[in-house]
Amino acid sequence: MGHAHVYAHEIMHRGRVPMEPVDFVPDWADRPRKAKFHPDAETFPLPGTPPHTTPQPPVPGFTLPLLSGMLRDSYGLTGRRLAVQANTDLAALPHYTHANWSRGTASGGGLYPVSVHWAAGPGGPLTPGLYHYAPHQHGLRRLLTGDVTGDVREALGPGAGPAGRATQYLVLGVKYWQNAFKYNSFSFHAVSMDVGALVQTWRLWAAQYGLRIDPVLWFDEERLARLLGVAPEEEGVFAVVPLTWEGGTTPGGGGATGAAARHRDVERSRRVLEFETLRRVHRATEGRAADRPEPGALDAAAAHPPRGAQPLPLPPPPAPPAGTTRALRERRSSFGRFDASRPVAAEQLAAALADCAATRYGTEAERPGGPALTSLYAFVNHVEGIAPGAYAYDPAAHTLRPVKAGPPGPFLQRTYFLSNYNLEQAGAVLVPTVRTTAVLDRVGDRGYRLVGGTVGAVAQTFYTTAAAFGLGAGVALGFDNIAYMEELGLTGTDEAPLLIMLLGRERPRPADFRHEIA
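The rules behind these values
Residues numbered from 1 in each chain as written. Predicted model: local features only at pLDDT ≥ 70, side-chain atom pairs only at ≥ 80, totals over all residues. Heavy atoms only, no water. Helix = DSSP H or I, 4+ residues; strand = E, 2+ residues; numbered from the N terminus. Rg over C-alpha atoms; globule rule 2.2 N^0.38 Å. Buried < 20%, exposed > 50% of the residue type's maximum accessible area, 1.4 Å probe, protein only. Contact = heavy atoms within 4.5 Å. Phe/Tyr/Trp six-rings, centres within 6.5 Å; stacked < 30°, edge-to-face > 60°. Lys NZ or Arg CZ within 6 Å of the ring centre and 35° of its normal. Pairing = 2+ DSSP bridges. Axes fitted to C-alpha atoms, helices over the stretch in contact; angles between N-to-C directions. Arc of directions from axis to C-beta. Core = buried A, V, L, I, M, F, W, Y, C linked by side-chain atoms within 4.5 Å. Salt bridge = Lys/Arg side-chain N within 4 Å of Asp/Glu carboxyl O. Parallel < 35°, antiparallel > 145°, perpendicular 65-115°, else oblique. Left-handed = near helix turned anticlockwise from the far one by under 90°. Nonpolar A, V, L, I, M, F, W, Y, C, P; charged D, E, K, R; others polar.

1. With respect to the overall build of the chain
Summing up its helical and strand segments, the chain has 13 helices and 17 strands in all. For 518 residues, the compact-globule estimate of 2.2 N^0.38 gives 24 Å, and the C-alpha radius of gyration of the chain, at 22 Å, lies within 12% of that figure. Taking the principal axes of its C-alpha atoms as reference, the chain extends roughly 65 × 50 × 50 Å. Burial status across the chain gives 57% buried among its 518 residues. The contacts of the chain with a sequence gap of at least 6 include a subset with a gap of at least 24, amounting to 81%.

Shown next as C-alpha cells:
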C-alpha cells in the first residue's frame, strides 16, 4: 500500500479528523500571482475568435485559430462579473485588484493553478519551441526556441501509442503554491480535479469540430519538469495532450535535445511554505513511462452496478438550448442564489445525469468503450414529478433507483461545512463516487491523479450542461464524506463520494454586473 492510499483515507475523513496543519491561516497579503509571470519572455497575441460561432465539423486537425478559441473558452478570461451572492469573498470583489474574471473551466476556490505549455514542433504555425499560455493576455510566451517535441516523445516512452507520433503537444503542469497558499495539504486533491476539469472542457470544445482530446498521464515527469524549467517538487506535470494538426507532418529524425526553458516563472510571494503531506503525495504519484498500465487495467476498478429499489423511469434528455461554446461562456457558480419555489424539470435533471454518467477522463489507462469508473447518486429536493429522496442513477436503463425516501434537505445542510450555499434550496444534489482504493490497487499511486481528474471531468460536464439549460449550478468539496457514505448505504464498500454538485433554478432578477471582454 502506497502513500496515495494514506492520503485518500485522510481526504475522506478530514471532516471528522482535520488534516495537518490544523491551525493554518492563509496569508492573503502575500498570496501568489493568479498566473505565472515570465518578465523577459516575448508574448505573441493569439488570434481572436468570434463568440458563439457555429462549429463546422469535422475538420482535419487543429489550426491556430481553433487552438486559440479552445484556450480562450477554457482558461482564458472572458468577462468580469460581480453579483450579490453568498460566497465569503464577496466584500473584496468590487475592488478591481480582486476582480472576479469569468472562465469556461471551473477551478477549486477560483484559483486556476494549472499551467498550459505548448511544445510546438514542425508543421505548425509558429517557430518550433516551447510556449506558455498567458490567460490574462490571451497570448503565448516563448520560453525556448527550437523543436523540443523529441524530448516530449522520449518522456512519453515507447508505449505511448499515437501520442508518441505527434508533433504538437500541450503539457499541463500544476504550480502547487498557487493553490496550497490557501488549501495547504488538501491542495493536491483539489488540483487533480482542476486538471480533469480543464481536459474535459477541451474535450467538449474539440468535439464540436470532430477532434479528439486524449490525455496521457504516465510519462517521465522529472524529464518534462526539466524541460519546463520548473522544480519538480514545486510544480507537478500532470498530463500531456497530443494535438492532431491540420496539414501536420510526421515526426522527423530529431530526437531529444535535453533543453530546458530559458525563461523562468518569478514568484510574487515573499514567503513560500512547504507542506509535508503535499510533498509526500507528489513524490508518491510522480510518473514514470515504464509504469504505464495496460489498457483495461482499470476494468477491475469499474463502478459497481447500480443499487436501490424499484427503478423510476426518467424522461429522455432533451437537446440543450445552447451549444457548448455559449454554455462555457455562461458557466458560473450560483453561491447561495438557488430558489426552491421553482422546481427543476425532470427532463433537465435527466440531461445532467446522462451527460455526467457518460463522461470519461479518456486516459491511456482506460480501455476505449470500457466500463465507467464513476457511479452517480442524486439527492432530490425539488424536481417536478420525482419524490424527494436519495437515488442511485442507472445510466444503462436511464432510471433512478430509490436508496432512501424522504426530504434530504436537513441531512445535506447539516453535513455541509461552509455558508455559501443553502443545499435545501437546490433542486437536486448529484454525487459522483469512485472506487478510489481499487483504482490505486490496479494502477499504483499515480492513479490518484486519475481519480481526481475523473471526478473533475464530471464536474465540468455538470457545469456545462447546467449552463446550456439555463440552470444554476455549484460544485463543493466542503462536506462530510463519511456521512454521505452512511446516508447512501456505502459503508463497507470502496465507493468514495469526492464532491457534491448542486443543480437548481436561481432567484429571478438578480443584482448582477457583467462586462464581456471576449
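2. Remarks on the packing of aromatic side chains
Evaluated as defined, the whole model comprises 22 aromatic pairs. Here the aromatic rings of tryptophan 205 and tyrosine 209 are separated by 5.0 Å at their centres, their planes lie at 35°, and the arrangement is tilted. Linked through ring pairs, Tyr7, Tyr176, Phe188, Phe238 and Tyr448 together constitute an aromatic cluster. We note arginine 103 situated over the ring of tyrosine 75; from NZ or CZ to the ring centre the distance is 5.3 Å. The ring of tyrosine 112 is capped by arginine 103, whose NZ or CZ atom sits 4.0 Å from the centre of that ring.

3. Comments concerning the environment of proline 32
Within the element layout of this structure, proline 32 appears in the loop between helix H1 (3-13) and strand E1 (43-45). C-alpha of proline 32 to C-alpha of arginine 271: the two residues are 239 residues apart in sequence and 9.5 Å apart in space. When sequence neighbours within four positions are dropped, the list of residues in contact with proline 32 reads Trp177, Gln178, Phe181, Glu267, Arg268 and Ser269.

4. Digging into the pairing of strand E4 (residues 114-120)
The two faces of a sheet get side chains in turn, since along a regular strand they alternate between them. Of all seven residues in E4, seven are buried; the element is thus mostly enclosed. Going residue by residue along E4, you find Val114, Val116, Trp118 and Ala120 tucked away on one face and Ser115, His117 and Ala119 tucked away on the opposite face as well. In the sheet, E4 pairs with strand E5 (residues 129-134) via four bridges, with the strands oriented antiparallel. By the bridge assignment for E5, alanine 119 is matched with leucine 130.

5. Side note on the sheet that holds strand E17 (residues 512-516)
Pairing is antiparallel across the open sheet formed by three strands, whose spatial order is E3-E2-E17. Edge strands, defined here as strands with exactly one partner in the open sheet, are strand E3 (100-102) and E17. Here the strands of the sheet are splayed against their neighbours by 30° on average, with no regard to which way each runs.

6. Description of the environment of glycine 146
In this structure, glycine 146 sits in the loop between strand E6 (139-145) and helix H3 (149-156). Between the C-alpha atom of glycine 146 and that of glycine 121, which follows or precedes it by 25 residues, the distance is 8.2 Å. When near neighbours in sequence (up to four residues on either side) are disregarded, glycine 146 contacts Pro128 and Gly129.

7. Some remarks on helix H7 (residues 276-285)
Within H7 the residues assigned to the buried category are Thr277, Leu278, Val281, His282 and Thr285. Taken around the axis of H7, the buried residues stretch over an arc of 130°, which confines them to a single face. On its buried side, H7 packs onto H1, helix H4 (177-183), helix H5 (187-207), helix H6 (221-228), strand E8 (235-242) and helix H12 (447-468).

8. As for unusual backbone geometry
Residue proline 21 is bonded to the preceding glutamate 20 through a cis peptide linkage, with omega at -5°. Locating proline 21 in the fold gives a position in the loop between H1 and E1. Phi angles above zero are rare outside glycine, and tyrosine 112 is one such case at about 50°. Structurally, tyrosine 112 is set in the loop between E3 and E4. In this structure, phenylalanine 335 is a non-glycine residue whose phi angle is positive, near 45°. Mapped onto the elements, phenylalanine 335 comes out in the loop between helix H8 (324-330) and helix H9 (346-357).

9. Observations regarding the sheet that holds E6
Read from one edge of the open sheet, six strands run E1-E6-E5-E4-E7-E8, paired in antiparallel fashion. With partners counted over all chains shown, the strands left at the sheet margins are E1 and E8, one partner each. Taking the axes of each pair of neighbouring strands and ignoring which way they run, one obtains an average angle of 30° across the sheet. Sheet strands touched by H3: E4, strand E7 (168-175) and E8. Its angle to E7, the strand with the most contacts, is close to 70°.

10. Points about the nonpolar core
One finds Phe62, Trp202 and Ile500 to be the most contacted residues of the largest nonpolar core, which totals 130 residues. Setting aside anything within four residues of it in sequence, one finds tryptophan 202 in contact with Met70, Leu71, Ser74, Val116, Leu170, Leu172, Ile213 and Val241.

11. Some thoughts on the pairing of E7
Most of E7 sits out of view: eight of its eight residues are buried. In this structure, E4 lies alongside E7, joined through seven bridges in antiparallel fashion. When the bridges of E7 are listed, histidine 117 appears paired with valine 171.

12. Let's talk about the pattern of salt bridges
Per the counting criterion, the structure on display carries 22 salt bridges. One salt bridge connects aspartate 30 with arginine 270, and the closest N-O pair in it is separated by 3.8 Å. In this pair, aspartate 30 sits in the loop between H1 and E1 while arginine 270 sits in the loop between E8 and H7, placing the two residues 240 residues apart along the sequence. As a salt-bridge pair, glutamate 221 and arginine 449 come within 3.2 Å of each other at their nearest N and O atoms. Of this pair, glutamate 221 sits in helix H6 while arginine 449 sits in helix H12, and the two are 228 residues apart along the sequence. Arginine 449 carries the same exposure label as glutamate 221, and that label is buried. A network of salt bridges, in which partner residues are shared, links Arg16, Asp480 and Glu486.

13. Section: the packing of helix H2 (residues 64-74) against H5
To describe two helices that pack against each other, one gives the angle between their axes and the distance between the axes. The interhelical angle for the contact between H2 and H5, taken along N-to-C directions, is 135°, at an axis separation of 10 Å. As judged from the angle between their axes, H2 and H5 are oblique. Of the two possible hands of crossing, H2 and H5 adopt the one that is right-handed. Contacts between H2 and H5 involve Leu66, Gly69, Met70, Leu71, Asp73 and Ser74 from the first element and Leu198, Thr201, Trp202 and Trp205 from the second. In terms of residue class, the contact of H2 with H5 is made up of six nonpolar, three polar and one charged.

14. Points about the packing of H5 against H12
Running from amino to carboxyl end, H5 crosses H12 at an angle of 50°, the nearest separation of the two axes being 6 Å. Classified by the interaxial angle, the pair formed by H5 and H12 is oblique. As for the relative orientation of H5 and H12, their crossing is right-handed in sense. Across the interface between the two elements, Phe188, His189, Ser192, Met193, Gly196, Ala197, Gln200, Thr201 and Leu204 from H5 touch Tyr448, Arg449, Gly452, Gly453, Val455, Gly456, Ala457, Gln460, Thr461 and Thr464 from H12.

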